[in-house]
Amino acid sequence: MTCTSTASVESYTESERRRLRIACCAAAFITPLLSTMMNLSLDALGKEFSVGSHSLGYVNTAFLLSSVVFMVPLSRMADISGKRRMFLGGVLTIAVSCILAPFSTEFWMIILFRGTIGMGAAAVVTTSVSMITDVFDRNRRGWAIGINTTCVYVGLALGPFIGGVLNDLLGWRSLFFVIIPFAVVAIAMMLSFKHEIAPFAGKTLSVRSSILYGLAILLSMGGVINLPETWAVCMFLVGLVLLVAFVRLQSVSDDRILDVRLFRNRMFSGSCIAAFLNYASSYSLSFFLALYLQSLQGLSATEAGMLMLIQPAVQAIFTPFFGKKSDFVSDKRILPTLGMLVIAVGVASIIFYDVDTPMWAIVLTMMLTGFGFSLFSAPNTSLIMSSVPAKDTGEASAMISVMRQTGMMVSMGIAMTVISVIMGSADNISPETYGDFINVMRVSFVICTIMCLTGAVTSMMRGKSDVDEPEL
């Protein structure tokens, strides 16, 4: 096996690039699939284990929180021990957890396995984009990242649909076995890629920094998703204090897990903020539409799931095109900024929804947001990865994932907070509360529209990279 740190892209053959891309794409498909496939099985889980909606919320929260908590430390560990090795360990962790999860006899076991799956996903997502950046030259980097991003969207799209169908046919336990074939493909293809990329080989992982980061994320994000409870506010504030302490420690210590100096680069920091605001302003869209289509429009779970495939289908069609296009656009801020503006229009359209909004308007919302995502995601990711030196691609990849996952949790935190303030709970949607639910959607998406427009401004004002398209 070849171990490299800052090897030139010419070191890799086309066959090796293809095998790496297939491995990363297979993993990019299963990680978001695992994030969303349980949504339509929550009712069955609640009945089998006799738990309520609040407890069921931890099925997805455990996955998201675990993935964010482990992303930065595992990214650093990958730079030390090898990105290929970390990728394989992550996929194997996911596969073993999915084999064991169906045999759970208690609800806490489901939460535990969702947490270990999240940890494995963190290892996968922080190394995939990083390795793609390492082996593809800048003239094809956007294209390769676009293909990988498309697989993420397909996984997000098919998760609820596959989950709903399998839940009805075979039960919720069958869902976990779906990813095994894809995990086998990812492992086989990565094993055939003989290069090990370890830019910080020989160094050690800072346990102190890892624990401080984990606690900061756990408390701050745990507080966000439980707002507006008083204890959640306190948890959030303590988490913020620890996060500030973590940043200060990383800025003065040589024993770090994240080089915060990367954020002095306006291109890098602006792109990360834009990514966070993008997901924070749009992730709750699928949550609200699922409730709206089933409760107010009277669609079945399967019908709603099929209709909601429109947005990711548009993303899957156009993302590779705009990813490739971004390789040749002179001002690389234009595509992601346009994407944020298009998403803002799609998100803002929900403000005008009523109880009986025509179906064409709902389809238009999903098409707009899907097209906006295809404009934004791959070009913005390519910008982030191209704005840092070769040795820092692992950390940059980790920050992309952190921004995405924390944005998702903030988006859901906003949704649940507005629901709690106006309705008290999403469990009591009925004809008598339809008006309240519409108000919840309007308030939520006014906030989301403002965040999205702020993200567009941030995207365009990010300036030029301090590292001018480094050749890795």
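The text that follows walks through the structure, step by step, so that each part is easy to find. (Residues numbered from 1 in each chain as written. Predicted model: local features only at pLDDT ≥ 70, side-chain atom pairs only at ≥ 80, totals over all residues. Heavy atoms only, no water.)

### A closer look at the environment of Ala313
Then, number 1: With respect to the helices and strands, the residue Ala313 is situated in helix H13 (residues 310-325).
Then, number 2: Spatially, the C-alpha atom of Ala313 lies 9.7 Å from that of Met366, the residues being 53 residues apart in sequence. (Helix = DSSP H or I, 4+ residues; strand = E, 2+ residues; numbered from the N terminus.)

### What about empty space enclosed by the protein?
Then, number 1: Within this structure, the stated rule accounts for 2 cavities of 30 Å³ or more.
Then, number 2: Approximately 450 Å³ is the volume found for the largest cavity.
Then, number 3: Along its surface, the largest cavity is lined by 33 residues, and Val152, Tyr279, Ile400, Ser401 and Arg404 are the ones closest to its centre.
Then, number 4: Contributing elements (two or more residues each) for the lining of the largest cavity: helix H1 (14-36), helix H3 (53-81), helix H5 (107-135), helix H6 (138-169), helix H10 (266-282), helix H15 (359-386) and helix H16 (393-422).
Then, number 5: Class assignment of the residues belonging to the lining of the largest cavity gives a composition of 20 nonpolar, 12 polar and 1 charged. (1 Å grid on protein atoms, 1.4 Å probe; cavity = no way out; pocket = protein on both sides within 12 Å on 5 of 7 lines; lining within 4 Å. Points joined across faces, edges and corners; volume = space filled by probe spheres on them. Nonpolar A, V, L, I, M, F, W, Y, C, P; charged D, E, K, R; others polar.)

### Thoughts on the layout of surface pockets
Then, number 1: The computed volume of the second largest pocket comes to approximately 430 Å³.
Then, number 2: Forming the boundary of the second largest pocket are 20 residues, of which Ile217, Leu243, Met399, Val402 and Met403 lie nearest the centre.
Then, number 3: At the level of elements, helix H8 (207-224), helix H9 (230-252) and H16 are the ones that each hand at least two residues to the lining of the second largest pocket.
Then, number 4: Looking at the lining of the second largest pocket, its residues break down into 18 nonpolar, 2 polar and no charged.

### Some remarks on the nonpolar core
Among soluble globular proteins, nonpolar side chains are generally buried collectively.
Then, number 1: Within the largest apolar cluster, 128 residues are counted, with the highest numbers of intra-cluster contacts made by Phe87, Met190 and Tyr292.
Then, number 2: Residue contacts for Phe87: discarding those within four places in its chain leaves Ala23, Cys24, Ala27, Ala123, Val124, Thr127, Ser128, Met131, Ala186 and Met190.
Then, number 3: If you look at the next biggest cluster of nonpolar residues, it comprises 5 residues, including Phe322, Val329, Val342 and Leu375. (Core = buried A, V, L, I, M, F, W, Y, C linked by side-chain atoms within 4.5 Å. Buried < 20%, exposed > 50% of the residue type's maximum accessible area, 1.4 Å probe, protein only. Contact = heavy atoms within 4.5 Å.)

### Focus: the side chain of Thr357
Then, number 1: Mapping Thr357 onto the fold places it in the loop between helix H14 (334-349) and H15.
Then, number 2: A distance of 3.2 Å separates the side chain of Thr357 from the side chain of Tyr292, its partner in a polar contact.
Then, number 3: Setting aside its immediate chain neighbours within four residues, Thr357 contacts Tyr292, Gln297 and Ile362. (Polar contact = N/O pair within 3.5 Å; in protein donor to acceptor, adjacent residues only side chain to side chain.)

### Some details on the packing of H10 against helix H17 (residues 434-460)
Geometrically, a packed helix pair is captured by the angle between its two axes and the distance between the axes.
Then, number 1: The interhelical angle for the contact between H10 and H17, taken along N-to-C directions, is 160 degrees, at an axis separation of 8 Å. The angle between H10 and H17 falls in the class roughly antiparallel. The handedness of the crossing between H10 and H17 comes out as left-handed. On H17, the residues that touch Gly270, Ile273, Ala274, Leu277, Ala280 and Ser281 of H10 are Cys448, Met451, Cys452, Thr454, Gly455, Thr458 and Ser459.
Then, number 2: Among the residues forming the contact of H10 with H17, the class breakdown is 7 nonpolar, 6 polar and no charged. (Axes fitted to C-alpha atoms, helices over the stretch in contact; angles between N-to-C directions. Parallel < 35°, antiparallel > 145°, perpendicular 65-115°, else oblique. Left-handed = near helix turned anticlockwise from the far one by under 90°.)

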